[in-house]
Structure formats: structure tokens, C-alpha cells
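The chain contents come next:
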Amino acid sequence: MKRTKKINTSRFLKRSNLRRAPLVLFAGAFIYSTFFNEEEVTYVENVDDCMADTSLSQQDCEMAYKNALAESEKTAPKFDTQARCEQDFREDGCYESDNGTFIPMMSGFMIGSALNRYDRNRYYHPAYSYLSSYGTQKVMSDGTPLNRAGGSRYTVPRGTTETSKPRSTSTISRGGFGQIASRNASYSSSRSSWGG
Amino acid sequence: MFRIPIKERDDWKMLAEEYGFHFHTMHGERYWDESAYYQFTLAQIEHDLEAPSEDIHQMCLHVVDKVIKDENLMQRFGLPAKHWDFIAQSWQAKAPSLYSRLDFAYDGKSPAKLYENNADTPTSLYETGFWQWLWLEQNVNQGRLSIDCDQFNSLQEKLIARLRQILQIEQTKRAGQTLHFACCKGSIEDRGTVQYLEDCAAEAGIATEFVYVEDIGRDLAGQLTDSKNQVITWIFKLYPWEFMLNESFGDLLGRHPVSFIEPPWKSLLSNKALLPMLWREFPDHPNLLPAYFGDEIHNVTSESTWVKKPLFSREGANVSIIQSGNTVVETDGPYGQEGHIYQQAHMLPKFDNSYTLIGSWLVNDQAAGISVREDSSPITQDMSRYLPHVIRG
């Protein structure tokens, strides 16, 4: 056979068609989150919460907390001024980090609900209280929201606790790429691609 | 090699909607065309396209190695001298490549002739790897095509496997890498192509982020950032190197370690200067057409017809056909200031009323399938149609 043997077509589906897939009603957060490509995490504010709400030991919870703090320094959104940071996060919610930029304080961190002890291959992502137009919302460093699933349990995109977030920085300018494309685009009205 | 009419699937437009294939019709004209398909024999595929593609790819790598070591040759590729080191370093570091597409004129009988190498930003990837695969699968299942029909198309399988390999290489440099994907604003086709690669990367277990090329930023230290101010350390860009190297952020390249797909050394292969270099290194190769640099006009004899192409032309822009010293066909466009090359004309074969071009894909140095495009003009441009194919017999 000279062609791809099997394709996981559902990965490439962008919109499900209800006429093709009859709606099945089911209960249970596990099936729900699997179906919607999500995973469940426990959100805790500190080591005490962690010991109360998860099956991790005190030592494990301390390690998870340290891991989250270190991740926060690396990946939290960075701002040039405290005022700009506080526009997005609450007043007194930001501090100056080592490299002179301002970052929000983490409001808590996440532990994969399936974990019952500290696993150094997992990530314990920090979360922040973001002031959105709908009110305060818990978000990760890249802005991904945490969706409440009941109590201290939340759902996040599947794979979150297995992958790191990129290091963040403070952008000083944009638009330094794409200049030639926009210049050349005026030559042709049918232009549809910068590939070939 | 035949062109065979076939009934279109009744629901294909709805399917296209569900799978997010939004550019099947562009500017009111059909781009994806399943009213017919091309049929090849296995021997045609294996002897005339698959083996020559892998040979030519190796010949291309030989050219890169030669050019990078020779400033006089580098000069001929029209790339800014201040970035030659950046390009050379990526070659010396064996920066991994994901894919490329060789364009051939092939009529089913005589040797396929190389037109050019789309080594940096090849498109029609989704249509090939996924959509024409699905077309065959469904037509076989619905009994319109015989079960013994195959397709030369292991593109998606090979892309995912190669992405998995590149991930392993990246993880030895930094733990927990995110792969950014970028293309320009305003092109549904480019966004669709990049979305497809994001899906393939996700299948390979890679964490991905998207950013538009125009939204890429920089921090004080010169690191590249995405729209969430995250540092870009590994990026797939559907945007030509010869543009990036000449833009204002071009000067930041090489200052901080960033892994690019495709790597900078691909700027030598997606460049028409490759064609005279190939002819110089491998004269009279059955799959090559005679080609010369712009200043080698003494070789451009008036007995033959020649095609004059700018070094950086994209999708058939600024190409002219020269017959007995006179320009007979000329396409419009913004390219050509960087210099040009001459390639001996070799007309595309005609099937019914269309000129047919074969794109032959390579992933990880291996031939990975073909795409077939048709145009009403002998110079294939961006509005040509895409037709599926089968292998039978």
C-alpha cells in the first residue's frame, strides 16, 4: 500500500455534525471531560488547601507549590509597569520580578486530579485572578481559563498537566515580519497564499 | 496515466465544511475538482516519480553543501550577505527539515522533468495528505472506485512520524518545548494549511500555539514573542525565508537560539538559482532541464525555447517564455530585482484541455506522495485546480 494506512479523522474534524453523530446523553464528569478533550485538575491556594483537597502528602504539596512558583516566574505574563499589570490583575496583585518586569502574583496552583502523589514529570501550573469584562476569572499564564467543575475541581484542556507553558517576556514592538508580503500583496488581487 | 471523469460525492461540500476545508473554492472558482481523477500505474509511480524524487532530493542536498562552502556561489542566490552565516550555521548544525515538494512535468511516458523545488513553504499539503486520501477512501467504500485502487500518498503518516522525531531532537535542547505555527493574515488557504500541520503536530504529541506572522514581536533582548508575550523558541513559519531575511526583524535572527521549520538552509533550495546549480553538478541528468544563470546568456540558444524565472518568484509570477530571442508569454508580478535564471522550456502535458503539473512530496528524505494540479495556461499559477489521483495496475 502506497498510502497512509489509517487516519484518526476525528482529530481533523472542525465541526461535528449532529445528523451523523446521534447525541448520546450521559452523566459523569470523566466521560464529559474526555468527550470534550479536557482534563480535571484540583485548584488549591496554598499547601494547606493542597493537603486538605488532594491525596498528596505535606512533602508532596510543598514540592508542587515550589514547582508552581518557579513556573510562575518563568511563564507569568510580563508587563513594563506595575500599573499596566494591575489593569489586568487586581490592585496590589502584581510585583516586580528579577528581570525588572512586573508579573501578577499567583492566586493558586493546579494538581492533576488523577495524581495521588508528586510526579516530577507533571506540571503544577500557577493560576491567576484575571479581571475580565465578566468579572474575576481564574486563568493560566497563557490566558487559558479554568472552568469550574464543582468544589475545588476545574477542567482545563487535556494534556495541560503534562506540558509546560512557554517562557514569557515583555514585547517592545511587533510587525517586524510580514512587511514584504503586505507590499507584494498589492500586485495581485487574486493572491491567496504566501506558500507555493 | 489517464484523466478519468467520475461522479462527485453528493455531500462533499458539507464534509468540507465539517473538516474545515474552507478554500475548496477560491475567488468564485473551483480549486478542489473531483469531477475527474488521474490514474497511474504502480510502475509509473515507483520508477518515474518516487525514485527520481528521492534522487533529486539528494542532489539538492549536495548543492546546498557545495554552495554553503563557496562565497562566489552564495552570491548567486541573491540572499543578503549579512545572513550567510545564519544560513550556513543551520546547515552545519544539521537543523532538521520537515518537508518539501518537487514540481515535475510528467506525461506518463517520458522522464519526469523538474521545474522547481518548493522546499521552504510548500502548500496544497492538506488537499494531498488528508482530503484526497478521504476522497479515495469514500469512493472505494461507496463502490464508485474499485477496491484495488491505491494512492501514492503516505504524506500524513510521514509528517506525523517526522514531527515526532523532530520533537525528540528539540527536547534534547530544552525540556517541554512548544511549537509555534505562523502564517500571514488574510489567506484562508495558508491558515488552513497551518491548521492542518497543527493537527498533525498534536497527533505527534506536540504542544502548539498559533501566531500571525505580522503579530510576532520582540523583547528588549531581541527574543521573538507571540501575541501572548510568550518567547518563541521553536516555530513553523509558512512564510518565505527570502522575505524574512530582508525584513526589519531579520536582524534579530541568530541572536537567540530558535529552531525553525523549515530551517534557514532551505532558502537555498526554494531558490531558482538551485536549477542552474543542479544542471552544473549533474549535467544531462534525465530528470533535469538545462538551466543557466542570468549572466550565462551565451548558453541560451535561439534554437530552443527558454523560460526566464526570477530567483524568488512564487506561484508563477514574473515568468516569461522566450522563443528565438523574443518574449512570447509573460506573467505579471513584483519579483525579479534579485536576478533571474533561464531554464529550457518543456511544456506541461495536456490532458483534455488542461495542462497538468505533478507535485512530488518528500518528508524526511523519503518520497511521500503526489498532488496533481491543472491549469488552463501552460504556466501554473495560484488559481490552478487540484485533482485527486489513484494507482491502479
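Quick caveat: nothing in here was measured; it's all calculated off a predicted structure.

K.L.:
Can you lay out the overall build of chain A for me, pointing to particular residues and giving the numbers?
P.N.:
Within chain A, the regular secondary structure consists of six helices and nine strands. Of the contacts made within chain A by residues no fewer than 6 positions apart, 55% connect residues no fewer than 24 positions apart. Approximately 11100 Å² of chain A is accessible, and the part contributed by carbon and sulfur atoms is 49%.

K.L.:
I'd like to hear about the interface of chain A and chain B, residue by residue, with values.
P.N.:
Taken together, the contact pairs 48 residues of chain A with 81 residues of chain B. Around 5700 Å² of area is buried between chain A and chain B when both sides are counted, 52% of it from carbon and sulfur atoms. Taken as a group, Lys-2, Phe-12 and Phe-177 of chain A account for 17% of the area that chain A buries against chain B, more than any other trio of residues on that side. Put simply, chain A and chain B have six salt bridges between them. The shortest N-O distance in the salt bridge between Glu-50 of chain B and Lys-2 of chain A comes to 2.6 Å. The interface formed by chain A and chain B holds 40 residue pairs in polar contact (both at pLDDT 80 or more) in total. Going through the elements one at a time, α1 (9-12), β9 (171-174) and α6 (179-185) of chain A are the ones with two or more residues in the side of chain A that touches chain B. Considering only residue class, the side of chain A that touches chain B consists of 12 nonpolar, 22 polar and 14 charged.

K.L.:
Talk me through the environment of Leu-134 of chain B; I want residue IDs and the actual numbers.
P.N.:
For Leu-134 of chain B, the location among the structural elements is in helix α5 (residues 125-141). The exposure class assigned to Leu-134 of chain B is buried, which follows from its relative accessible area of 5%. In contact with Leu-134 of chain B, other than residues within four places in its own chain, are Thr-9 of chain A together with Arg-9 and Tyr-19 of chain B.

K.L.:
Provide a residue-level description of the side chain of Ser-100 of chain B, including the pertinent values.
P.N.:
With respect to the element layout, Ser-100 of chain B can be found in strand β5 (residues 99-105). Other than its neighbours up to four places away in sequence, Ser-100 of chain B contacts His-57, Asn-117, Asn-118, Ala-119, Pro-122, Lys-266, Ser-360, Trp-361 and Leu-362 of chain B.

K.L.:
Report on the sheet that holds strand β1 (residues 2-5) of chain B, specifying residues and quantitative values.
P.N.:
All names here are of chain B. Spatially, β1-β4-β22 is the arrangement adopted by the three strands of the open sheet, whose pairing is mixed. The sheet is open, and its two borders are formed by β1 and β22 (389-391), each paired with just one other strand. Neighbour to neighbour, the strand axes of the sheet diverge by 30° on average, direction disregarded. Of the pairings in the sheet, the one linking β1 to strand β4 (residues 36-40) comprises four bridges and is antiparallel in character. Bridge pairing in β4 links Pro-5 to Ala-36. Sitting on the sheet, helix α2 (residues 42-68) touches β4 and β22, and the angle it makes with β4 is about 75°.

K.L.:
Residue-level account of the pattern of salt bridges, with values.
P.N.:
For the structure on display, the rule yields 35 salt bridges over all chains. Across the salt bridge formed by Lys-5 of chain A and Glu-157 of chain B, the nearest N and O atoms sit 3.5 Å from each other. One end of the pair, Lys-5 of chain A, is in the segment before α1; the other, Glu-157 of chain B, is in helix α6 (residues 155-173), on a second chain. In this structure Lys-5 of chain A comes out as exposed when scored by relative accessible area, which is 55%. Overlapping salt bridges bring together Arg-3, Glu-8, Arg-30, Asp-33, Asp-352, Glu-374 and Arg-385 of chain B as one network.

K.L.:
Let's hear about the sheet that holds strand β7 (residues 178-183) of chain B: which residues, and what values?
P.N.:
Residue and element names in this part refer to chain B. Pairing is parallel in the open sheet, where four strands are placed in the order β8-β7-β11-β12. Among the strands making up the open sheet, the edge pair consists of β8 (207-212) and β12 (259-261). Averaged over all pairs of adjacent strands, the angle between their axes in this sheet comes to 25°, without regard to strand direction. Sheet topology places strand β11 (residues 234-237) next to β12; three bridges connect them, and they run parallel.

K.L.:
I'd like a description of the packing of aromatic side chains, backed by residues and values.
P.N.:
Residues and elements named next belong to chain B. Under the counting rule described, the total for this entry stands at 33 aromatic pairs over all chains. Where Tyr-19 meets Trp-131, the ring centres are 6.5 Å apart and the plane angle is 70°; that geometry is what we call edge-to-face. Of the two residues, Tyr-19 is situated in the loop between α1 (12-18) and β2 (25-26) and Trp-131 in helix α5; the sequence distance between them amounts to 112 residues. Residue classification places Tyr-19 among the buried residues on the basis of a relative accessible area of 9%.

K.L.:
Mind laying out the pairing of strand β7 (residues 147-150) of chain A, listing which residues take part and the relevant values?
P.N.:
Each regular strand shows side chains that alternate between the opposite faces of the sheet. Residues and elements named next belong to chain A. Examined bridge by bridge, β7 and strand β8 (residues 153-157) share three bridges and lie antiparallel to one another. Among the inter-strand pairings, Arg-148 is bridged to a residue of β8, identified as Tyr-154. In this structure, the hairpin formed by β7 and β8 is closed by a connection of two residues, where Gly-151 is found at a positive phi of approximately 60°.

K.L.:
I'd like a description of the side chain of Asn-229 of chain B, backed by residues and values.
P.N.:
With respect to the element layout, Asn-229 of chain B can be found in the loop between β10 (224-225) and β11. Polar contacts involving the side chain of Asn-229 of chain B include one to the side chain of Thr-171 of chain A, which spans 2.7 Å. The contact partners of Asn-229 of chain B, leaving out residues within four places of it in the chain, are Lys-78, Arg-167, Ser-168, Thr-169, Thr-171 and Arg-174 of chain A.

K.L.:
Describe the state of the cysteines, naming the residues involved and giving the relevant values.
P.N.:
All names here are of chain A. Considering all chains together, one arrives at two disulfides over all chains under this definition. The disulfide that involves Cys-50 links it to Cys-61, with 2.0 Å between the sulfurs. Handedness of the Cys-50-Cys-61 disulfide follows from its S-S torsion of about -80°: it is left-handed. Residue Cys-50 is located in helix α3 (residues 47-53), and its partner Cys-61 is located in helix α4 (residues 58-75); the two are separated by 11 residues in the primary sequence. The class for Cys-50 is buried, based on a relative accessible area of 0%. Since its relative accessible area comes to 0%, Cys-61 is described here as buried. Numbered in order of appearance, the disulfide-bonded cysteines of chain A are paired 1-2, 3-4.

The rules behind each value
Residues numbered from 1 in each chain as written. Chains lettered and ligands numbered in written order. Predicted model: local features only at pLDDT ≥ 70, side-chain atom pairs only at ≥ 80, totals over all residues. Heavy atoms only, no water. Helix = DSSP H or I, 4+ residues; strand = E, 2+ residues; numbered from the N terminus. Contact = heavy atoms within 4.5 Å. Areas by Shrake-Rupley, 256 points an atom, 1.4 Å probe, with all protein chains shown as cover. Buried area = accessible area lost by both parts, 1.4 Å probe. Salt bridge = Lys/Arg side-chain N within 4 Å of Asp/Glu carboxyl O. Polar contact = N/O pair within 3.5 Å; in protein donor to acceptor, adjacent residues only side chain to side chain. Nonpolar A, V, L, I, M, F, W, Y, C, P; charged D, E, K, R; others polar. Buried < 20%, exposed > 50% of the residue type's maximum accessible area, 1.4 Å probe, protein only. Pairing = 2+ DSSP bridges. Axes fitted to C-alpha atoms, helices over the stretch in contact; angles between N-to-C directions. Phe/Tyr/Trp six-rings, centres within 6.5 Å; stacked < 30°, edge-to-face > 60°. Disulfide = S-S within 2.5 Å.

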